[in-house]
Amino acid sequence: MQMKLKITVAAAIAAVAGLASAQDMVVKIGHVAPMSGAQSHYGKDNTNGARMAIEDLNAQNIVIGGKKIKFELQAEDDAADPKQGTAVAQKLCDSKVAGVVGHLNSGTTIPASKIYHDCGIPMVTGAATNPNLTKPGYKTTYRIIANDLSLGAGLAIYAADVLKVKSVAMIDDRTAYGQGVAEVFKKVALTKGIKVVDDQFTTDKATDFMAILTAIKAKKPDAVFFGGMDPQAGPMLRQMESLGMGGYKYFGGDGICTSELAKLADGAKILENVVCAEGGASLAKMPGGEAWKKRYDAKYPGQFQVYSPYTYDATFLLADAMKRANSTDPKVYVTKLAESNFKGVTNTIAFEPSGEMKNPAITLSTYKDGKKTALN
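The name recorded for the protein in an unreviewed UniProt entry is Leucine-specific-binding protein, from Rhodoferax lithotrophicus. Taken verbatim from the UniProt record of the protein, the Sequence similarities (unreviewed entry) comment is "Belongs to the leucine-binding protein family."

S.K.: Would you mind going over the pairing of strand β15 (residues 371-374) in detail, with residue names and values included?
M.R.: As paired strands, strand β14 (residues 362-368) and β15 are joined by four bridges and run antiparallel to one another. Each bridged residue has a counterpart across the sheet, and for tyrosine 367 the counterpart in β15 is lysine 372.

S.K.: Now, about the packing of helix α10 (residues 289-299) against helix α11 (residues 308-325): what can you tell me, with residues and values included?
M.R.: For the pair α10 and α11, the least separation of the axes is 11 Å and the interaxial angle reads 100 degrees. It follows from the interaxial angle that α10 and α11 lie roughly perpendicular. Across from Trp292, Arg295 and Tyr296 in α10, the residues of α11 making contact are Ser308, Pro309 and Tyr312.

S.K.: Any chance you could break down α11 for me, citing the residues and the numbers?
M.R.: Across its 18 residues, α11 extends 26 Å between first and last C-alpha, which sits within 8% of the 26 Å expected from 1.5 Å per residue. Along α11, 16 of the 18 residues are buried, which leaves the element largely enclosed by surrounding structure. Just downstream of α11, asparagine 326 is the residue with a positive phi angle, here 55 degrees.

S.K.: Provide a residue-level description of the layout of surface pockets, including the pertinent values.
M.R.: Put simply, the largest pocket is a space of about 370 Å³. When residues of the lining of the largest pocket are assigned to their parent elements, the largest contribution, four residues, is made by β15. Partitioned by chemical class, the residues of the lining of the largest pocket number nine nonpolar, eight polar and five charged. In this structure, the second largest pocket encloses a volume near 230 Å³. Lys96, Val97, Ala98, Thr328 and Pro330 are, among the 15 residues lining the second largest pocket, the residues nearest its centre. Every element with two or more residues in the lining of the second largest pocket is listed here: β1 (25-33) and α12 (330-338). Of the residues forming the lining of the second largest pocket, the biggest block, four residues, is contributed by β1.

S.K.: Can you break down the sheet that holds β1 residue by residue, with the values?
M.R.: Strand order in this open sheet of six strands is β2-β3-β1-β4-β5-β6, and the pairing throughout is mixed. Of all the strands in the sheet, just β2 (63-64) and β6 (141-143) have a single pairing partner and so form its edges. Bridge count for strand β5 (residues 123-125) against β6 is three bridges, and the pairing is parallel. Paired with threonine 125 across the two strands is arginine 143, which belongs to β6. Of the strands in this sheet, β1 and β3 (67-77) are in contact with helix α2 (residues 40-58), which crosses β3 at around 170 degrees. On top of the sheet, helix α4 (residues 106-119) reaches β1, β4 (99-101), β5 and β6; it is set at about 160 degrees to β5, its chief contact.

S.K.: Which residues make up the sheet that holds β14, and what values do they have?
M.R.: A sheet is described by the order of its strands in space; here seven strands give the open sequence β8-β7-β9-β10-β11-β14-β15, paired in mixed fashion. With partners counted over all chains shown, the strands left at the sheet margins are β8 (195-201) and β15, one partner each. With direction set aside, neighbouring strand axes in the sheet form an average angle of 25 degrees. Strand direction decides the pairing type here: strand β11 (residues 274-279) and β14, joined by four bridges, are antiparallel. Counterpart to cysteine 276 in the pairing with β14 is serine 365. On the sheet, helix α5 (residues 148-161) packs against β9 (223-227), β10 (249-252), β11 and β14 and is oriented at approximately 145 degrees with respect to β11. Contacting β7 (167-172), β8, β9 and β10, helix α6 (residues 176-191) crosses the sheet at an angle of about 165 degrees to β7.

What counts as what
- Residues numbered from 1 in each chain as written.
- Predicted model: local features only at pLDDT ≥ 70, side-chain atom pairs only at ≥ 80, totals over all residues.
- Heavy atoms only, no water.
- UniProt positions renumbered as here; feature names shortened; annotations may be inferred.
- Pairing = 2+ DSSP bridges.
- Helix = DSSP H or I, 4+ residues; strand = E, 2+ residues; numbered from the N terminus.
- Axes fitted to C-alpha atoms, helices over the stretch in contact; angles between N-to-C directions.
- Parallel < 35°, antiparallel > 145°, perpendicular 65-115°, else oblique.
- Contact = heavy atoms within 4.5 Å.
- Expected span 1.5 Å × (residues − 1).
- Buried < 20%, exposed > 50% of the residue type's maximum accessible area, 1.4 Å probe, protein only.
- 1 Å grid on protein atoms, 1.4 Å probe; cavity = no way out; pocket = protein on both sides within 12 Å on 5 of 7 lines; lining within 4 Å.
- Points joined across faces, edges and corners; volume = space filled by probe spheres on them.
- Nonpolar A, V, L, I, M, F, W, Y, C, P; charged D, E, K, R; others polar.

In structure tokens, the structure reads:
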């Protein structure tokens, strides 16, 4: 009889445990970045930030709508290609993810944002900077980093006022990001009295820039501005040095503002003449930057680039909106996302009605002894 009672009690406990487990809810967060190709180092860094956030959220045993939530990351590769980006966006819609962190490139994020809007899924990017992203006014689109209007303008003002640059040659990679940041730099540079002596363009797949650089050298500018990413900037810097252009100043946005640039420049001394801009404060000036970076480096040694603190915050931001709405339904919690006042690792995040972040910071950096070093 006693044995039978023990079995009955054990069965009851197991049934209760099973019931509790059944009450758990899996909530998928989508993440998209280039995990293959020349920009895969950015993609891995971004994914690391989002994955780290998922682990930290699950350690909190969050309850929403009376159910314990288990977050899962559905990470996808868009290879920095707009067509693949839209295909992945549709895949995430079909998978019924609760929200999306990404994409990285403006050229993939802008077309993907319409797909997320059409299927009612909020997306938060901490990397795509083209101002056109928020122009459609989608209530599902949010950015937690400064856009190209801030980055391009900040670089042009620094070039004119601090470095006293008088003339510049422009190069961009014809992507939404590269053209966007170059156009802003050019516009502000002209208002500051800087003469634009040449406009050249390349692609985001190119590695040989000798013809472009030779044409620019003949016009003898003080500086070159490149709108593009570090897989092109690194070889370009090496080729500038080989052409005797090592004394030129070299400007670019957050796409070149990575630790990887030093590796890709492969010892070129002109690296010391680089001035780049990225949205947000330097890690040292972020509210939780240095402590977060120590944890990141312990988990993912040698993989940090630029945007992972933002993908970390973007993931937490989505979860915070769900908690405040007491719902994981995108159509319900999206209104709370718009009302965010979230104290993250990177900053306190609040939004303008457009989905742009209020009062975004920018950081200018250069390279000293092969290491990216903040100027402000």
